[in-house]
Amino acid sequence: MKQSRYFFIIAILILILIASGCKDDGGIAANQQIDASKLPTMVSHNVQTLLSDSGETRYRITTKTWLAYEEQEHPHWVFPDGLIAEELDKQSFDVKMSMKCDSAHYDRSTRMLNITGNITIHDKNGSEITCDSAYYDEEKALWSLNSMVTITNRDGSKIETNQMFWDRKASKYYSDSFIRMQAQEKVLEGYGYVSNEKLTTYKVNRVQAIVPVNDTRFPTF
């Protein structure tokens, strides 16, 4: 009986050791799955701050959540809860352009900004741009505006399309997509468009229709 008891006790001890070893292995495996490089290096909430470029104050940003990933191959910032960004004049610090969106991703290595959701942009000429998604190439100073794009000028004229490019260096808008433009009591429809930044000089290519504004035969875009 004593020998059986010893075997029983030894068997229990072996099972405890095996169980303990499994827990340790599981803990190590769990820890090994965590990649610290994929975690944000900075998490900030309710932020309003100024950003500089080459020693000059360029932007003012306001956001609820700012996640910075500085240790990744392509360092980037994520604004999952929306972003308000204002570009400031170098001398006067007046707002040259403002942008508001539901979420944003800025790649610091390529200097590309990707924004989505309820986008509204105001430029220095008083025009308002709305769209669903957009990309901004900071190096080229080029906006790619996409999906349900509407540009409303200060005088009330309006352009509607699904894609528009805004070249800020060349101070012009251009598009190869279908365009619906309302100006001077008439509506122009066609494919292809180019205008100056103030929308005062423009050209619609391949015009499809020119109708009075109050003509109900042509629905809005």
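The structure this text deals with has already been given above.
Quick caveat: nothing in here was measured; it's all calculated off a predicted structure.

Participant: How should I be thinking about the layout of surface pockets in this particular structure?
Facilitator: Summary: where empty space remains is shown by rolling a probe the size of a single water molecule over the atoms. Estimates place the volume of the largest pocket at around 460 Å³. L51, Y59, W77, Y106 and E138 are, among the 22 residues lining the largest pocket, the residues nearest its centre. Within the residue set of the lining of the largest pocket, elements represented by two or more residues are β1 (42-53), β2 (56-69), β3 (76-79), β4 (83-88) and β5 (95-101). When residues of the lining of the largest pocket are assigned to their parent elements, the largest contribution, 4 residues, is made by β4. The residue inventory of the lining of the largest pocket, partitioned by class, reads 13 nonpolar, 1 polar and 8 charged. Lining the second largest pocket are 20 residues, and of these R58, E87, K96, Y136 and R168 sit closest to its centre. Breaking the lining of the second largest pocket down by element, the ones donating at least two residues are β2, β4 and β5. Across the lining of the second largest pocket, the residue classes break down as 6 nonpolar, 2 polar and 12 charged.

Participant: Could you clarify how one ought to interpret the packing of aromatic side chains in this entry?
Facilitator: Per the counting criterion, the structure on display carries 7 aromatic pairs. Ring geometry for F165 and Y174: centres 5.3 Å apart, planes at 20°, overall stacked. You can call F165 partly exposed: its relative accessible area is 22%. By relative accessible area, which is 28% here, Y174 ends up partly exposed.

Participant: Sorry if this is basic, but what is going on with the environment of D53 here?
Facilitator: Examined against the element boundaries, D53 turns out to sit in strand β1. In this structure, D53 is in contact with R58, R111 and E138, ignoring residues within four places of it in sequence. Here the side chain of D53 touches R58 through a polar contact of 3.3 Å, side chain to side chain.

Participant: Looking at this model, I keep getting lost on the nonpolar core. Mind explaining?
Facilitator: General note: in soluble globular proteins, nonpolar side chains tend to be found buried as a group. Core analysis: the largest hydrophobic core is formed by 39 residues, its most contacted members being M99, I115, I121, W143, L145, M164 and Y193. If sequence neighbours within four positions are ignored, I121 has contacts with M97, S98, M99, S127, E128, I129, W143, L145 and W166.

Thresholds applied
- Residues numbered from 1 in each chain as written.
- Predicted model: local features only at pLDDT ≥ 70, side-chain atom pairs only at ≥ 80, totals over all residues.
- Heavy atoms only, no water.
- 1 Å grid on protein atoms, 1.4 Å probe; cavity = no way out; pocket = protein on both sides within 12 Å on 5 of 7 lines; lining within 4 Å.
- Points joined across faces, edges and corners; volume = space filled by probe spheres on them.
- Helix = DSSP H or I, 4+ residues; strand = E, 2+ residues; numbered from the N terminus.
- Nonpolar A, V, L, I, M, F, W, Y, C, P; charged D, E, K, R; others polar.
- Phe/Tyr/Trp six-rings, centres within 6.5 Å; stacked < 30°, edge-to-face > 60°.
- Buried < 20%, exposed > 50% of the residue type's maximum accessible area, 1.4 Å probe, protein only.
- Contact = heavy atoms within 4.5 Å.
- Polar contact = N/O pair within 3.5 Å; in protein donor to acceptor, adjacent residues only side chain to side chain.
- Core = buried A, V, L, I, M, F, W, Y, C linked by side-chain atoms within 4.5 Å.

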